[in-house]
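Summary of the model geometry
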Amino acid sequence: MFKLCKYCKKERLLKSFSPHPNTKDKLSNKCKQCVNEYNKLRHSLRTREDLNRINLKRKQNRNTALTDRRNMLKRKYGITLDIYNEMLKNQNNVCKICKQLCKSGKVLAVDHCHRTDQVRGLLCANCNTNLGRIEAYLQNPSPWDDYLAEATFSS
């Protein structure tokens, strides 16, 4: 199924549009690529004063970061912060794949199946990124194999 983006005027797959509760088809009228370009432009136009004002508001409401995290977990993965913390406890606070703390110092990422949206576990940034690459390879190995074949012969 396809939908027309009202900004770039291109027909795109439905998965190229974010959910939006206030439209008839429950999808945004702007494709994800247009949203990303718009957000980059908007962020680049922010002045230091704008950023300082935003940071001051966040400091005044100390629960904002926690509330944002709770909302993001519920919206993206359908889990509560309590469920996330329980998963973290069950994994002994380490990545489910490499059994290590996240070397980047970030919180463990929620890994989920993009087809079923089923949460699989919590991963460090490195394993999460590598898993994404492995899944991309499994879906379409030919560009990867072609590149490796070319690189082998050109050396």
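First things first, this report covers the structure right here in the doc. (Residues numbered from 1 in each chain as written. Predicted model: local features only at pLDDT ≥ 70, side-chain atom pairs only at ≥ 80, totals over all residues. Heavy atoms only, no water.)

**Focus on the environment of Q118**
Along the polypeptide, Q118 turns up in the loop between strand 5 (109-112) and strand 6 (119-123). Remark: the alpha-carbon pair of Q118 and Y38, spanning 80 residues in sequence, is separated by 30 Å. With residues up to four places along the chain from it excluded, the contact list for Q118 reads D111, H112 and C113. (Helix = DSSP H or I, 4+ residues; strand = E, 2+ residues; numbered from the N terminus. Contact = heavy atoms within 4.5 Å.)

**Points about the layout of surface pockets**
Its boundaries defined by the atoms lining it, the largest pocket holds a volume of some 360 Å³. Along the walls of the largest pocket sit 13 residues, with K15, F17, K32, H114 and D117 positioned nearest its centre. For the lining of the largest pocket, the secondary-structure elements that each account for two or more residues are strand 3 (17-19) and helix 3 (64-77). Sort the elements by how many residues they give to the lining of the largest pocket and strand 3 lands first, with three residues. For the lining of the largest pocket, a count of residues per class yields four nonpolar, three polar and six charged. Surrounding the second largest pocket, C113, H114, R115, R120, G132, E135, A136, L138 and Q139 form its lining. (1 Å grid on protein atoms, 1.4 Å probe; cavity = no way out; pocket = protein on both sides within 12 Å on 5 of 7 lines; lining within 4 Å. Points joined across faces, edges and corners; volume = space filled by probe spheres on them. Nonpolar A, V, L, I, M, F, W, Y, C, P; charged D, E, K, R; others polar.)

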